[in-house]
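Given next are the chains, with one letter for each unit.
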Amino acid sequence: MNWETHARQAEVKLRASRIPGSEEIISLIKRVNPTSLPLSDSDRERGYRLKSELQNLLLENYGESFRLDRHPYSDNILLIRHRSIPTVDACHTHIRSLSAKALDALDEPPPVPVPAATAKPAAKKRLSQAEPGAPAGEALNTAQQLLAEYDFPSAEERLTGIRIRDRKELTYLIKGVRILVEEMGAYESAAATILSQPAEFQGERRVRELLALSCYGRDMIPEARALLDTLRPDELGKSALLAYADISFRDGNLSAAMALLQLSEAKEGILPAETELRKKIEACMRAEAEKLMRRAEGAFAAGELEQVESLARQALAHSPRYQEARQLLRKVDAIKTAGEIGALWSQYEAMAAPEQRLDLLGKLLELDTNNEERIKGLIATEKALVRRRTADDRLQELATLAAREDWSRCFDILHWLTHQDDAEGSDVAFDIAPSFSVLYRNRRLFKLPAPEAKKIWLDLVAVKARLLDGNQDGCLERFEQIKRYFDSYPYFSEEYDRLVTCESEAARNEADKLMKELYFEASSLMEARVLAARLRRTITKLPPDEVARFRSMIDLAVSYHIPKNSEEDNLDDYRTLLLIGNAAKAASLRESISDRDRVASIDRETAEYFAISVEPIAVTVSPDAPLDLASEPGSPLTQIGESPRHVLFREDEETIIVVDLARPGAARYRSPHFKNLGYLDSLPDRDIFLFANTVTCNNVWRAKLSEAEAYFCAEIEVNRNYTYEGRASFIGMFMSSSKDNDYYACIEESDGVRVVKQSLDVHSSTVRSFHLKGEVSGISRASYHPDTLLICTDSGTFLLNSNLDLPHGSSPLARTFPMRLFALHIEKLNVYISDNVVKVLNSKLRIIKQYPNSSAGTFVSSPGVMALCTETDTALISLATGKGTFYDLNSNKFSQTIPLGRLLWTNTPTRWHCFDYDKGSSTLVVKDITHELATLLEWRVICTPDQDGDTQLANIRQFEDPAFFNLPAKAPA
């Protein structure tokens, strides 16, 4: 076994509760002894420490079986030898390394040191005969071998002959001198060896430390002190710190001695002399403390409290555990506190202002613990006075602001009054102006954030002002939006009921007019349906019983215009229903057609028209695949879309590849209809996808694409199923996740934006609609089951549910705040936006989180953000160069750029994959690199918040250079 193993065994034995046998201890001493081993300085120091601790363990438990033989050359070096078996020894030790318990366990005391006259002259003679010409390393190795053979004179001769020539040999000198000092006690020889070295090496810290130890060992205290004073205590070894502490103690500098001793004790190892020195220092410090205490007691009797406190603290500095000093300090504190309490009570009685009296009572509460309950009562009284005075001031200010019709500041005061714990007497505030009454105890409104509550109330005030001016346009619509907050207050409900009555009457007149046109003027089914749609929108403002009556009349009137279909008409309608994907209505109509052959023929024609061929692709998910991120796949693919679990590629004009990363699996789908199709939407749980023809801009295709089955479900001709202006443009189209023949579309027209929910039928109709003003910057699906759409415009941001309504509780502020979309977490309906930094909104469009370091995120937004991995908070950014870079929202760092064609990603939340595709063998190799990006790519901060906007943008635009921060391609093998 190597030395490290022996050292660990020794440490285990030293910590064990069972005492090892003497033979085992001796064996460990021999094995850990570093004298003749080529070890580092730290291991050599550790070895000597373990050797010393094992020797003490041996003598403390088996001391009666051993004796100490003096070294023939050094008085302080002893050999631990077995009394009965002289050939058994436990190596040499220094007398100072043995504990008092170890020495007491011996049957006979340590031998008397050899007189200096018999030993020292011989050493000098040998030193004069030494020839220091051998290399330092060779001399050290020879000396260690001689020590192993107990030939100490020859070892000393070799060690004192070391002469180093360059800094590489400094380690040999230090090891040699350490042996002279710590193992042989030859302090004079150690000093002579150091002083014989070139001057530039004598100034080394470790050399000067050993020279100081040699001086200390020879009792040359002034020289040792001078050397140690030039060294930093925190860099000294344990023995040097102990020596320094002893010197400071001798000098009478007790505090320095204690500090140095504590540093020595904190280092590994045990030096028995530490305990003895600590006792001496503490005894002297206690004596000094007692002198100071006697002076402090005299000063206390004389009433000189400042001097008492100073002397007592000095005594504690000398002896921290001196309880008498602590008790005296407590007495002084008590006397001072009593005086301070009296002065504070006097000030309190003389003070008139409640705020100042509160400050004094706060101080008294901390000091006068005997009157705690009384003080708390006084504090409550004073606070009530302060609140009452403040409330009176605010009431006067409120009356002034109301007279000036400064309603915004009025709300701030009313909001403050509402949230006071003691609101007694403040009820009068809500009678100052009629509009204030709706805020009195309005818990529902005041649950909202203050800015949002203020906006709602100010809207009410503004609408009331418009009504007073005789302008009713849009007032009822705004009242409907804020009704839930004020409907129980007469100030609101009276005006609301009047508006509803007026609106109902107008709607009733309009409905009667449209009903007459429907019954007597409509000349075709199309005209009847247009009038019916207008009529249905109008009657929504009528009471429920009238709405039901009108609906039955509308249905009856429309039915008059529906012609009775012939068999041929039914067959045409059946074909139309199959083509638009209304399978339920087609199945119902099928039962009414008698010509089964014609039905079967239409079924075959439709199936052939909708047919898609499927070819599986072998997918291998390999964590160890050697994929090169800097290059394109073997057979490049173009990613055209993604769902939360699918990735769609175009292989050629008529071929699409769909990779299902959740399964995982992949297949190749072929059909001539795939030509020119672009991805629109998906229902991932059903493997259904929606595409639009980018050339005709009129044909939308719905397809089922799974490895088990593949076919088109519908072909939708937009101009036959939607009604819109001639120059309208469709911004987005989405499938309903609950009904196969319902679709959402966002249509931009001359008078604004219209979001519709269309039900496709032989004669398609609009189920719901939502109207917006402004220019749409983006529309996205925000969730499935139920469907939610996110629409961003230049005037606000809107979330619409499946009925195209604004969800209950959604932020009204968001509808007036245009947001820059960064990413959408469809599973949680979390919206990530760029607003100075990247922020996260919940399903109510309220901020729930932000990334404070993501300042660069403000320069990146959808559609540049391909997806976001919420597990690692990294986004993939598409660059104009055909490459991509990853962005870390937490560190504000960008990665090296790599080809986008090498990556796979799904909708947010995604994981990051790289892949390789071989078209010839139809194989796809996928590797998940989500948690490897930090090591696969280099990362860099491109811009920082302290830079101005133009500088940050210029730094971001460096990515327009294809060579900027690019992952270099691997060299060919």
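Residues numbered from 1 in each chain as written. Predicted model: local features only at pLDDT ≥ 70, side-chain atom pairs only at ≥ 80, totals over all residues. Heavy atoms only, no water.

Caption draft 1: Seen up close, the overall build of the chain. The helix and strand inventory of the chain stands at 32 helices and 32 strands. Computed over C-alpha atoms, the radius of gyration of the chain comes to 47 Å, more than 25% over the 30 Å expected from 2.2 N^0.38 for 973 residues, which places it beyond the range of a compact globule. By its C-alpha atoms, the chain is 145 × 95 × 55 Å across when sized along the principal axes. Long-range contacts, defined as pairs at least 24 residues apart, comprise 54% of the intrachain contacts of the chain with a sequence gap of at least 6. Positive and negative side-chain charges of the chain, numbering 122 and 144 respectively, have mean locations separated by a distance of 4 Å. (Helix = DSSP H or I, 4+ residues; strand = E, 2+ residues; numbered from the N terminus. Rg over C-alpha atoms; globule rule 2.2 N^0.38 Å. Contact = heavy atoms within 4.5 Å. Lys, Arg positive; Asp, Glu negative; His and termini not counted. Charge placed at Lys NZ, Arg CZ, Asp CG, Glu CD.)

Caption draft 2: Representation of the pairing of strand 8 (residues 665-670) within the structure. Of all six residues in strand 8, five are buried, a share of seventy percent or more. Pairing of strand 4 (residues 613-621) with strand 8, which is carried by five bridges, proceeds in the antiparallel orientation. Bridged to Ser 613 within strand 8 is Arg 670. Linking two consecutive strands that pair antiparallel, namely strand 7 (residues 655-660) and strand 8, is a turn of four residues. (Buried < 20%, exposed > 50% of the residue type's maximum accessible area, 1.4 Å probe, protein only. Pairing = 2+ DSSP bridges.)

Caption draft 3: Summary view of the nonpolar core. Counting residues in each nonpolar core, the largest one holds 56 residues, and the members touching the most others are Leu 159, Met 184 and Ile 281. Among the elements that make up this core, the one with the highest residue count is helix 13 (residues 238-250) (eight residues). If we ignore the near neighbours within four places in the chain, the residues touching Ile 281 are Phe 249, Leu 254, Ala 257, Met 258 and Leu 261. If you look at the next biggest cluster of nonpolar residues, it comprises 37 residues, including Ile 413, Leu 417, Ala 433 and Phe 479. (Core = buried A, V, L, I, M, F, W, Y, C linked by side-chain atoms within 4.5 Å.)

Caption draft 4: Region of interest: the sheet that holds strand 11 (residues 699-705). Taken in spatial order, the four strands line up as 9-10-11-12 in an open sheet, and their pairing is antiparallel. Bordering the open sheet on either side are strand 9 (677-683) and strand 12 (710-717), each of which pairs with just one other strand. Mean inter-strand twist for the sheet, computed between neighbouring axes without regard to direction, equals 25°. Direction of pairing for strand 9 relative to strand 10 (residues 688-693): antiparallel, over a ladder of six bridges. Following the sheet pairing, Leu 683 is matched in strand 10 by Ile 688. (Axes fitted to C-alpha atoms, helices over the stretch in contact; angles between N-to-C directions.)

Caption draft 5: Broad picture of the pairing of strand 31 (residues 923-928). In the sheet, strand 4 pairs with strand 31 via four bridges, with the strands oriented parallel. Paired with Val 621 across the bridge in strand 31 is Val 926. Relative to strand 31, strand 30 (residues 913-918) is paired through six bridges, and the arrangement is antiparallel. Along strand 31, the bridge assignment pairs Phe 915 with Val 926. Hairpin connection from strand 30 to strand 31: four residues lie between these consecutive antiparallel strands, with Ser 922 at a positive phi of about 50°.

Caption draft 6: Quick peek at the pattern of salt bridges. Taken as a whole and judged by the stated rule, the model has 55 salt bridges. Where Lys 464 meets Glu 495, a salt bridge forms, and the shortest distance between an N and an O atom there is 3.5 Å. Taken together, the positions of Lys 464 in helix 22 (residues 450-468) and Glu 495 in helix 24 (residues 490-520) put the pair 31 residues apart, joining distant regions of the chain. Neither residue differs from the other here; Lys 464 and Glu 495 are each classed as buried. One network of salt bridges, in which partners are shared, links Arg 205, Glu 209, Arg 232, Asp 234 and Glu 235. (Salt bridge = Lys/Arg side-chain N within 4 Å of Asp/Glu carboxyl O.)

Caption draft 7: Spatial organisation of helix 8 (residues 170-183). Here helix 8 is 14 residues long and its end C-alpha atoms lie 19 Å apart, about the 20 Å a rise of 1.5 Å per residue gives. When we look at burial in helix 8, the residues that qualify are Leu 170, Leu 173, Ile 174, Lys 175, Gly 176, Val 177, Ile 179, Leu 180, Val 181 and Glu 183. Looking one or two residues beyond helix 8, the residue adopting positive phi is Gly 185, at roughly 65°. (Expected span 1.5 Å × (residues − 1).)

Caption draft 8: Molecular detail of the packing of aromatic side chains. Taken as a whole and assessed by the stated rule, the structure comprises 27 aromatic pairs. It is Lys 464 that lies over the ring of Tyr 491; its NZ or CZ is 4.2 Å from the centre. In this structure, Arg 940 is placed above the aromatic ring of Phe 965, and the distance from its NZ or CZ to the ring centre is 3.9 Å. (Phe/Tyr/Trp six-rings, centres within 6.5 Å; stacked < 30°, edge-to-face > 60°. Lys NZ or Arg CZ within 6 Å of the ring centre and 35° of its normal.)

Caption draft 9: The sheet that holds strand 14 (residues 742-749), seen in detail. With antiparallel pairing, the four strands of this open sheet are ordered in space as 13-14-15-16. The open sheet has two edge strands with one neighbour each: strand 13 (729-735) and strand 16 (765-772). Neighbour-to-neighbour, the strand axes of the sheet open up by a mean angle of 20°, direction not taken into account.

Caption draft 10: Structural view of the side chain of Arg 46. Tracing the backbone through its elements, the reader meets Arg 46 in helix 3 (residues 41-62). A residue is classified by how much of its surface remains accessible, and Arg 46, at 16% relative accessible area, is buried. Residues in contact with Arg 46, not counting those within four places in the same chain, are Trp 3, Glu 4, Ala 7, Arg 8 and Glu 11.

Caption draft 11: Structural detail: the packing of helix 22 against helix 23 (residues 475-486). With their axes 10 Å apart at the nearest point, helix 22 and helix 23 run at an angle of 135° to one another. Our classification of the angle between helix 22 and helix 23 gives oblique. With respect to the hand of their crossing, helix 22 and helix 23 are arranged in left-handed fashion. Across from Lys 455, Ile 456, Trp 457, Asp 459, Leu 460, Val 463, Lys 464, Arg 466 and Leu 467 in helix 22, the residues of helix 23 making contact are Cys 475, Arg 478, Phe 479, Ile 482, Tyr 485 and Phe 486. (Parallel < 35°, antiparallel > 145°, perpendicular 65-115°, else oblique. Left-handed = near helix turned anticlockwise from the far one by under 90°.)

Caption draft 12: Spotlight on a positive patch on the surface. A contiguous patch of positive charge on the surface is contributed by Arg 441, Arg 443, Arg 444, Lys 447 and Arg 484. Relative to the elements of secondary structure, Arg 443 occurs in helix 21 (residues 443-446). (Patch = residues over 30% accessible without salt bridge, like charges linked within 9 Å, V, L, I, M, F, W, Y side chains within 5 Å. Areas by Shrake-Rupley, 256 points an atom, 1.4 Å probe, with all protein chains shown as cover.)

Caption draft 13: Structural detail: the confidence of the model for the chain. Looking at the chain as a whole, the pLDDT averages 84, with 95% of positions reaching at least 70. Taken as a whole, residues 112-132 scores under 50 in pLDDT and shows 19 contacts with residues more than four places along the chain or in a different chain. (pLDDT = per-residue confidence, 0-100.)

Caption draft 14: A look at the environment of Cys 475. Its place among the elements puts Cys 475 in helix 23. Relative accessible area serves as the criterion here: at 0%, Cys 475 is assigned to the buried category. Each C-alpha atom of the pair Cys 475 and Tyr 496 lies 9.1 Å from the other, and the pair is 21 residues apart in sequence. With near-sequence residues (within four places) excluded, Cys 475 lies in contact with Val 463, Arg 466, Leu 467 and Leu 499.

Caption draft 15: Layout of the environment of Ser 437. Structurally, the position occupied by Ser 437 is in the loop between helix 20 (407-418) and helix 21. Among the residues examined, Ser 437 registers a relative accessible area of 28% and is labelled partly exposed. On a C-alpha basis, the gap between Ser 437 and Asp 368 in space is 47 Å, while along the polypeptide they are 69 residues apart. If near-sequence neighbours (up to four positions away) are discounted, Ser 437 is found in contact with Phe 430, Tyr 489 and Tyr 491. In terms of polar contacts, Ser 437 uses its side chain to reach the backbone carbonyl oxygen of Pro 434, at 2.7 Å. (Polar contact = N/O pair within 3.5 Å; in protein donor to acceptor, adjacent residues only side chain to side chain.)

Caption draft 16: The arrangement of the packing of helix 6 (residues 136-148) against helix 8 in detail. At their nearest, the axes of helix 6 and helix 8 sit 9 Å apart, and the two run at 30° to each other. Between helix 6 and helix 8, the angle falls in the class roughly parallel. Read as a crossing pair, helix 6 and helix 8 show a hand that is left-handed. Every residue of helix 8 that contacts helix 6 at Ala 136, Gly 137, Leu 140, Gln 144 and Leu 147 is listed here: Tyr 172, Lys 175, Gly 176, Ile 179 and Glu 183.

Caption draft 17: Representation of the side chain of Asn 699. Its place among the elements puts Asn 699 in strand 11. A polar side-chain atom of Asn 699 sits 2.9 Å from a polar atom in the side chain of Thr 696. In this structure Asn 699 touches Phe 691, Ala 692, Asn 693, Glu 715, Ile 716 and Glu 717, once residues within four positions along its chain are discounted.

Caption draft 18: Inspection of unusual backbone geometry at higher detail. The peptide bond linking His 785 to Pro 786 adopts the cis configuration, its omega dihedral lying at 5°. Inspection of the secondary structure assignment puts Pro 786 in the loop between strand 17 (776-783) and strand 18 (788-793). We note that Leu 845 has phi near 60°; this positive angle belongs to a residue other than glycine. Mapped onto the elements, Leu 845 comes out in the loop between strand 22 (837-841) and strand 23 (847-851). The exposure class of Leu 845 is buried, given its relative accessible area of 6%. Even without a glycine there, the phi angle at Phe 965 is positive, about 45°. Here Phe 965 is to be found in the segment after helix 32 (949-956). For Phe 965, a relative accessible area of 8% puts it in the buried group.

Caption draft 19: Molecular detail of helix 25 (residues 525-538). A rise of 1.5 Å per residue sets the reference length of helix 25, with its 14 residues, at 20 Å; its end C-alpha atoms lie 20 Å apart and thus fit the reference within 8%. Looking only at helix 25, the buried set comprises Leu 525, Ala 528, Leu 531, Ala 532, Leu 535 and Thr 538. The arc enclosing the buried residues of helix 25, seen along the axis, measures out at 135°, which places them on a common side. Residues Met 526 and Arg 537 are exposed on helix 25 and point more than 90 degrees away from its buried face. Buried residues along helix 25 sit against helix 24 and helix 26 (544-561). (Arc of directions from axis to C-beta.)

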